[in-house]
Each structure stands twice: as C-alpha cells, then as structure tokens.
Amino acid sequence: MENQDYVFTSESVTEGHPDKVSDQISDAILDQVLKDDPAGRVACETLVTTGLTVVAGEITTSTYVDIPKVVRKTIKQAGYTRAKYGFDGDTCGVVVSIDEQSSDIASGVDHALEERMGEAEAETKLDTLGAGDQGMMFGYAVKETPELMPMPISLAHRLAERLAKVRKDRVISYLRPDGKTQVSVRYENGKPINVETVLISTQHKPHTDLKEMKADLLKHVVKPVLRDDIVDYNKLNFLVNPSGRFEIGGPQADTGVTGRKIIVDTYGGMARHGGGCFSGKDPTKVDRSASYYARYVAKNVVAAGLADKCEIQIAYAIGKAHPLSIMVNVFGEGYVDNRLIESLIEEHFDFRPAAIIKNLDLRRPIYKKTACYGHFGREDAGFTWEKIDKADSLKRAAGV
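We now turn to the structure provided with this report. (Residues numbered from 1 in each chain as written. Predicted model: local features only at pLDDT ≥ 70, side-chain atom pairs only at ≥ 80, totals over all residues. Heavy atoms only, no water.)

## A look at helix α10 (residues 353-360)
Okay, step 1: The buried fraction of α10 is high, at six of eight residues.
Okay, step 2: Among the residues of α10, Pro353, Ala354, Ala355, Ile356, Ile357 and Leu360 are the ones counted as buried.
Okay, step 3: Contacts from the buried residues of α10 go to α8 (286-303) and β10 (309-316).
Okay, step 4: Downstream of α10 by one or two residues, Asp361 has phi in the positive range, about 55°. (Buried < 20%, exposed > 50% of the residue type's maximum accessible area, 1.4 Å probe, protein only. Helix = DSSP H or I, 4+ residues; strand = E, 2+ residues; numbered from the N terminus. Contact = heavy atoms within 4.5 Å.)

## Observations concerning the environment of Lys299
Okay, step 1: Assignment of secondary structure puts Lys299 in helix α8.
Okay, step 2: Considering only alpha carbons, one finds Lys299 and Gly86, 213 residues apart in sequence, at a separation of 42 Å.

## What to know about the pairing of strand β2 (residues 41-49)
Okay, step 1: Pairing of β2 with strand β3 (residues 52-60), which is carried by nine bridges, proceeds in the antiparallel orientation. Considered in β3, the bridge of Val42 is made with Ile59.
Okay, step 2: Between β2 and β3, which pair antiparallel one after the other, the connecting turn spans two residues, and Gly51 there sits at a positive phi close to 70°. (Pairing = 2+ DSSP bridges.)

## Describing the sheet that holds strand β4 (residues 93-99)
Okay, step 1: Taken together, the four strands give an open sheet; going across it, the order is β4-β3-β2-β9, and neighbouring strands pair in mixed fashion. Each edge of the open sheet carries a strand with a single partner, namely β4 and β9 (256-257).
Okay, step 2: Sheet topology note: the β3/β4 ladder contains seven bridges and is parallel. Residue pairing for β4: Thr53 is matched across the bridge by Val94.
Okay, step 3: Packed on one face of the sheet, helix α1 (residues 18-36) meets β2, β3 and β9 and runs near 150° to β2.
Okay, step 4: Against the sheet, helix α2 (residues 67-77) contacts β3 and β4, and its axis sits at roughly 130° relative to β4. (Axes fitted to C-alpha atoms, helices over the stretch in contact; angles between N-to-C directions.)

## A closer look at the packing of helix α5 (residues 151-168) against helix α6 (residues 210-225)
Okay, step 1: Contact pair α5 / α6: the axes reach a minimum separation of 9 Å and the direction vectors enclose 140°. When the axes of α5 and α6 are compared, the pair comes out oblique. Of the two elements, α5 crosses α6, and the hand of that crossing is right-handed. Taking contact as the criterion, the partners of Leu155, Arg158, Leu159, Arg162, Leu163 and Val166 in α5 are, on α6, Leu217, His220, Val221, Val222, Pro224 and Val225.
Okay, step 2: When its residues are assigned to classes, the contact of α5 with α6 shows nine nonpolar, one polar and two charged. (Parallel < 35°, antiparallel > 145°, perpendicular 65-115°, else oblique. Left-handed = near helix turned anticlockwise from the far one by under 90°. Nonpolar A, V, L, I, M, F, W, Y, C, P; charged D, E, K, R; others polar.)

## Notes on the side chain of Asn241
Okay, step 1: Position of Asn241 relative to the elements: it lies in the loop between β8 (237-240) and β9.
Okay, step 2: Look at Asn241 and you get buried, because its relative accessible area is 4%.
Okay, step 3: Other than its neighbours up to four places away in sequence, Asn241 contacts Ile200, Ser201, Thr202, His204, Met213 and Phe246.

## Details of the sheet that holds strand β6 (residues 175-188)
Okay, step 1: Pairing within the open sheet is mixed, and its four strands lie in the order β1-β6-β7-β8. Two strands lie at the open edges of the sheet, namely β1 (6-13) and β8, each paired on one side alone. Direction aside, neighbouring strands of the sheet carry axes that sit 15° apart on average.
Okay, step 2: Where α6 meets the sheet, it contacts β6, β7 (191-204) and β8, and its direction lies at approximately 130° from that of β7.

## Looking at the packing of aromatic side chains
What characterises a pair of aromatic rings is the spacing of the ring centres plus the angle enclosed by the ring planes.
Okay, step 1: This structure, assessed with the given rule, holds 15 aromatic pairs.
Okay, step 2: A centroid spacing of 6.5 Å and a plane angle of 80° characterise the contact between Tyr80 and Tyr85, whose relative ring orientation is edge-to-face. As far as burial versus exposure is concerned, Tyr80 and Tyr85 are alike and both buried.
Okay, step 3: With a centroid separation of 5.3 Å and 90° between ring planes, the pair formed by Tyr293 and Phe351 is classed as edge-to-face. Of this pair, Tyr293 sits in helix α8 while Phe351 is found in the loop between α9 (338-348) and α10, placing the two residues 58 residues apart along the sequence. The exposure classification of Tyr293 matches that of Phe351, with both residues buried.
Okay, step 4: Sitting above the plane of the Tyr233 ring, Lys223 keeps its charged end 5.2 Å from the centroid.
Okay, step 5: Against the face of Phe349 rests Lys390, its NZ or CZ located 5.9 Å from the ring centre. (Phe/Tyr/Trp six-rings, centres within 6.5 Å; stacked < 30°, edge-to-face > 60°. Lys NZ or Arg CZ within 6 Å of the ring centre and 35° of its normal.)

## Examining the state of the cysteines
The bond known as a disulfide is covalent and runs between the sulfur atoms of two cysteines.
Okay, step 1: Enumeration over the complete set of coordinates arrives at zero disulfides.
Okay, step 2: The thiol of Cys277 is unpaired, and the distance to the nearest cysteine sulfur, on Cys44, comes to 11 Å.
Okay, step 3: Note on Cys372: no disulfide assigned, nearest cysteine sulfur contributed by Cys277 at a separation of 14 Å.
Okay, step 4: Residue Cys372 is classed as buried on the basis of its relative accessible area of 6%. (Disulfide = S-S within 2.5 Å.)

## So, α6
Okay, step 1: With 16 residues, α6 extends 21 Å from end C-alpha to end C-alpha; this agrees with the ideal 22 Å at 1.5 Å per step.
Okay, step 2: Of all the bends in α6, the largest measures some 35° and sits at Leu218.
Okay, step 3: Every buried residue of α6 is listed here: Met213, Asp216, Leu217, Val221, Val222 and Val225.
Okay, step 4: Close packing links the buried residues of α6 with α5, β6, β7 and β8. (Expected span 1.5 Å × (residues − 1). Bend = angle between axes of the 7 residues up to and from the residue.)

Structure (structure tokens):
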C-alpha cells in the first residue's frame, strides 16, 4: 500500500523572479494582441538577462503591437525601475525577432482533420478548429483547501504574493523584487496536518540586517498567511536566505526564460505535468487551454462530491479537434464507480479546442494576471476554469 505518512514540499516565486518576468512579458504581449484581435495567433518567448530582453516567436495578427513598449512597461510593473538593480525597464536593451505562424500549422488549426475528412459538424463548426499541437495535458483538484488545490503550493503562492505586497507597500522597505518561497507540509493518512518548514529567499538592499529581516518576514509575511491551526510557531522551522546575502538578484543574477516554472504554475509537483508551458500561447495551443479545461473538469468532479481527489489527462494530435484519449484517476478516493465518473465527464464536458475556447471564454486579454502566483486556485482572479458550475449537475446525475 502507498505510504500515507510523508512531508511534501512546493515552491513559488515572486513577480520579480527572472523567469516570471519573462512569463509576464510573453503574456502581456499576448493580451495586447487579443485586445484588438481575438483570433490572433501567438507563440511568444522571452529571455531576460543583465541589461537585455529578447522577445522571439511567431505571431499572426491583424493588429499592431508596440512590443518594446509592452516589454518596458511590464518590467517596471515587476519592480525593476532603477538601474542600480542591475536591470530596469527604462534602460535595458530590447531585441525583437517575430515571424508569422507557420502556414503548415495554421492550415491544420484553421481546418481540422475532421473538417478535411468531411466529418465536421455543419451547424456548430466545433470540429473545424484543430488542436494547435500534439501532446498530453493534466488537470487536478484535491479536497485540501477551499479552492481545491494542494495545500503546499497554495500556501507557497500566498506567501510569495504577500512578500511582493509588503515590498510594494513599503511595509518592509529594504526588500527588492526577486524572491522565492517554499512550504513543507506533513501528511498523515494522506491528509495534511501541519506546516513543518517555511523557506523565504528574498532580494534585499545592501547591508540589511538578516536577523531583523527574519523577524520582519515572520511578522509581516508568514503570520498573516499561515493560520495557527495549521502551524505551531514554537516548532516551525523557518529559514530566511540560508545562503546569507541576496543583494544581487533578478535578471542580473540569473537569466530568465518563458516557461521555466511549469510546476510553480500548476500543482507544485503534487500532480503530473505534460511538459508544455502556458505563458505566451494563445488558446488554440492546447498546452494552455486544455490544461485549463482539465483543471475545470477535475475541480467540478471534486466539488460535486464524486471524489476527494481527481486527476484528468487529455491527449491531442495537432490539427485534430477530438482528443485522442481522456483518462480519469481518482486514486481510489472516489465515492462512486470510476466508470460512472468517466461517463459523466463524457456527457457533461466537451474537450474539442473550439468548445473549450467558447465555454471558458478564452479569446480575451486575461493572461498577464495568470503569469504570477499560479494559474489555478485563484478564485478571486475571476478565471473561468475555476468555476464549479457543473458540480450540481454532476452530483444529481451521479445520485450523490
């Protein structure tokens, strides 16, 4: 039997982390395209390093985007506003290398295999949009937090978000934009019982007193986030900047690249991942849209009370509308037969890309705010894939 007693750890990063700066730039460019051209095709990659930002990829759109202007604005919003940080939005170089989407890919996406084979639905045309790539995507939900996310990644995100807030509000005035959080949660019988370790690594001004910083972070970051019922502060292992100083940070210290924080973006390692990142991709790319939909399905299954834990896998072929396979795993924690859950999912959810885009309303400039603090579990952000509007229907159909 699987070991049910363990400690599980997840991490998050702030918006000033170089990889997240890259993600935000890619998604800000995507939003700017979708603002005026909802049908625009975007696959945008960003690299940031000392004094330089490189934007490359494939964009097909009917609108004009001033990419350097978007880049500089996004960098400054992330907190890099002064040259003394080693990187700032006003003075860094910006290199842009953008081509149109490959005509081979475009033809397969615009006219799906089902349409080319004469099998497309004449009325709804949901079979006419093919998947923008092949691959497999995962969605996950678990009854550990109100938002049905794993507790370690949920807490790590909230700590990272709080760390950025106290910096921007100057509650802790000596903090700088780059930072990471990490949370270790003890599980017994497969259920989280308490937080054992919290690690915060944060960039700071030169000559900052590290003991003072540890006390400030405990007071202003950790305690406002971690409730007393999930942590014993007398026993908490709290680490701050274990390497010592963290004065040089951001793109000056580490090159950042779009899509290098895929576990931070999803479930903190608690669920499987298909390997494709999200940021900089328009919703015809199923790496993004199908992952969002898989989360939507899994969350509704758990919210309906059909299982305490649910993982969905979807697999696609490029240029084909219907998925190649759909897998449902409730890890032996279902309250009804797994075959019934599978049949209910097939009845209540449509996994074709056009249907996903329509049902989740994905052709909107909503993506920059996904680029930090997780794409999932943020109900206050208004993400459509966090809705549980199918839960009641699933519950009634299952007789739960």
